[in-house]
Amino acid sequence: MNYVFFTGASCGLLLLLGARIGLSQARYGGGKWLLVVICGVFFYLLRPLLDVEQPLLDFLIDLPTILVPGAFWLFTHQLCSEGEKFPQWGWCVIAADFAIELAAQFNVHAFFYVLSQPFKLGLIAAGVITLLQQLQSDLVTERRQLRMALLIAIGSYMSLVVCAEFLFNYFPVPRGIPTLHAAMASVLAFAACLWLLALSPRALEESLPVTAEPNQEPAPEPAPPLPLDASQITLLETLRSHMESGGYRRTGLTIRELAEQLDAREHVLRALINKHLGFRNFNEYLNQYRIDEASRRLSDPGEAHLPVLTIALDVGYRSLSPFNVAFKQRHAKTPTEFRRERLPA
């Protein structure tokens, strides 16, 4: 009875959360993948209560759950990638996982079930790694909080479920484990609803990139930032002076180090760069200065003898690869192509 109660509570909360996200996330690219995750968890919890004998119907009920690990990775990518396309090889890995899951579902061979578990964990791990990438550089407060919540709650929960599912496939399930699982799912679902529906209702809107759809009304203009007080104005002037004097050239500079250099509180500096200068990532802010200087030097005949790598290292990059990526994002051409146009032989 306790299992049924906690399962019903979890499913009701997940339906409420899914409805909220579905209604408000139509123009956000990652919202649909989060809905797939919620749908998969819903059917996973509901599955033991359903007495289904038809193989096809049984597979359709399990299908959303099969899609959860891949959808989790896709959602984390949309959340953290600032609009970059999901890699082609990632789609191949997700397709391979789906094919293996199908083979395991229809009992093609026992080997496919064993193989499906590391694939599930691998996709979940890929999502967790995506959440960790550039976490310290993320300037959007709501998105940093969402990253940490996903890391602590969803990533650990799904990893635990996959491992337990594999273990209990070969050993008896201890009494009370299903109820404990349902209770844990209820707590997580309640916490998600409390946060996304009450405490921070705009967390997803502030975190996910807007997807441009055909014939879609343009997104409303964001509200102008609040006026700066005297201390913020002073910090902004100090920040600009520090960066214009070459503060961005320090290799591996983090926002924490920059806050220490400016004798400022880190969260205040984050909010200033995000809300008032319009940058969502600290590395993007640094790249503005670094690429500006690199562009000037690549256009300077007096520095035509310097290798591109030397200029990249001088302006603060650790190697040529991230410099090339940042430069091409700004100018739509490589540094070598840019120099060749500015300094024809």
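Residues numbered from 1 in each chain as written. Predicted model: local features only at pLDDT ≥ 70, side-chain atom pairs only at ≥ 80, totals over all residues. Heavy atoms only, no water.

Concerning the side chain of glutamate 142
Turning to step 1, where the next piece is worked out: Positionally, glutamate 142 belongs in helix α7 (residues 141-168).
Turning to step 2, where the next piece is worked out: Although glutamate 142 lies buried, it forms no salt bridge, and the closest oppositely charged side chain, lysine 275, sits 4.4 Å away as judged by the N-O distance.
Turning to step 3, where the next piece is worked out: Once residues within four sequence positions are removed from consideration, glutamate 142 is found in contact with Ser200, Ala203, Glu206, Ser207 and Lys275. (Helix = DSSP H or I, 4+ residues; strand = E, 2+ residues; numbered from the N terminus. Buried < 20%, exposed > 50% of the residue type's maximum accessible area, 1.4 Å probe, protein only. Lys, Arg positive; Asp, Glu negative; His and termini not counted. Salt bridge = Lys/Arg side-chain N within 4 Å of Asp/Glu carboxyl O. Contact = heavy atoms within 4.5 Å.)

Some words on the nonpolar core
Turning to step 1, where the next piece is worked out: If you look at the biggest cluster of nonpolar residues, it comprises 33 residues, and the most contacted ones within it are Leu14, Leu45, Leu79, Leu131, Tyr157 and Leu204.
Turning to step 2, where the next piece is worked out: When contributions to this core are tallied by element, the ones reaching two or more residues are α1 (2-24), α2 (31-46), α4 (68-80), α6 (110-132), α7, α8 (177-199) and α9 (203-207).
Turning to step 3, where the next piece is worked out: The biggest single contributor to this core is α7, with seven residues.
Turning to step 4, where the next piece is worked out: In this structure, leucine 131 is in contact with Phe72, Thr76, Leu79, Cys80, Arg147, Leu150 and Leu151, ignoring residues within four places of it in sequence. (Core = buried A, V, L, I, M, F, W, Y, C linked by side-chain atoms within 4.5 Å.)

Considering the packing of aromatic side chains
Turning to step 1, where the next piece is worked out: Per the counting criterion, the structure on display carries 14 aromatic pairs.
Turning to step 2, where the next piece is worked out: With centroids separated by 5.3 Å and ring planes inclined at 90°, the aromatic side chains of phenylalanine 42 and phenylalanine 43 adopt a geometry described as edge-to-face.
Turning to step 3, where the next piece is worked out: Relative accessible area serves as the criterion here: at 15%, phenylalanine 42 is assigned to the buried category.
Turning to step 4, where the next piece is worked out: For the pair phenylalanine 111 and phenylalanine 112, a centre-to-centre distance of 6.0 Å together with 65° between the ring planes defines the contact as edge-to-face.
Turning to step 5, where the next piece is worked out: The exposure class assigned to phenylalanine 111 is partly exposed, which follows from its relative accessible area of 49%.
Turning to step 6, where the next piece is worked out: An aromatic cluster of three or more residues is present, and its members are Trp33, Trp73, Phe86, Trp89 and Trp91.
Turning to step 7, where the next piece is worked out: It is arginine 290 that lies over the ring of tyrosine 317; its NZ or CZ is 5.3 Å from the centre. (Phe/Tyr/Trp six-rings, centres within 6.5 Å; stacked < 30°, edge-to-face > 60°. Lys NZ or Arg CZ within 6 Å of the ring centre and 35° of its normal.)

Concerning the pattern of salt bridges
A pair can form between side chains of opposite charge whenever their charged atoms are brought close.
Turning to step 1, where the next piece is worked out: Per the counting criterion, the structure on display carries 14 salt bridges.
Turning to step 2, where the next piece is worked out: Close ionic contact of glutamate 101 with lysine 120 constitutes a salt bridge, the shortest N to O distance being 3.5 Å. Here glutamate 101 is found in helix α5 (residues 88-105), whereas its partner lysine 120 is found in helix α6, with 19 residues between them in sequence.
Turning to step 3, where the next piece is worked out: Residue glutamate 101 is classed as buried on the basis of its relative accessible area of 6%.
Turning to step 4, where the next piece is worked out: Residue arginine 147 pairs with aspartate 138 through a salt bridge whose shortest N-O separation is 3.3 Å. Of the two residues examined, arginine 147 and aspartate 138, each falls in the buried class.

Notes on the environment of alanine 183
Turning to step 1, where the next piece is worked out: Looking at where alanine 183 falls in the secondary structure, it is placed in helix α8.
Turning to step 2, where the next piece is worked out: A relative accessible area of 19% means that alanine 183 is categorised as buried.
Turning to step 3, where the next piece is worked out: With 125 residues separating them along the chain, alanine 183 and aspartate 58 place their C-alpha atoms 25 Å apart.

Structural notes on helix α13 (residues 282-298)
Turning to step 1, where the next piece is worked out: Over its 17 residues, α13 runs 24 Å from end to end, which matches the ideal 24 Å to within 8%, given 1.5 Å per residue.
Turning to step 2, where the next piece is worked out: Within α13, twelve of the 17 residues are buried, which leaves it mostly tucked inside the rest of the structure.
Turning to step 3, where the next piece is worked out: Within α13 the residues assigned to the buried category are Phe282, Tyr285, Leu286, Asn287, Tyr289, Arg290, Ile291, Glu293, Ala294, Ser295, Arg297 and Leu298.
Turning to step 4, where the next piece is worked out: For α13, the secondary structure elements touched by its buried residues are α10 (230-244), α11 (255-261), α12 (266-276), α14 (308-314), α15 (320-331) and α16 (335-342). (Expected span 1.5 Å × (residues − 1).)

Structural notes on the side chain of arginine 143
Turning to step 1, where the next piece is worked out: Relative to the helices and strands, arginine 143 is located in helix α7.
Turning to step 2, where the next piece is worked out: A relative accessible area of 1% places arginine 143 in the buried class.
Turning to step 3, where the next piece is worked out: Excluding residues within four positions of it along the chain, arginine 143 makes contact with Leu79, Glu82, Asp138, Ser207 and Arg280.

Structural notes on the packing of α13 against α15
The axes of two packed helices give the description: the angle between them and the distance between them.
Turning to step 1, where the next piece is worked out: In contact at an axis separation of 10 Å, α13 and α15 are set at 85° when each is read in the N-to-C sense. Compared by their axis directions, α13 and α15 come out roughly perpendicular. Facing Asn287, Gln288, Ile291, Asp292, Ala294, Ser295 and Leu298 of α13, the residues of α15 in contact are Phe323, Ala326, Phe327, Arg330 and His331.
Turning to step 2, where the next piece is worked out: For the contact of α13 with α15, the residue count by class is six nonpolar, four polar and two charged. (Axes fitted to C-alpha atoms, helices over the stretch in contact; angles between N-to-C directions. Parallel < 35°, antiparallel > 145°, perpendicular 65-115°, else oblique. Nonpolar A, V, L, I, M, F, W, Y, C, P; charged D, E, K, R; others polar.)

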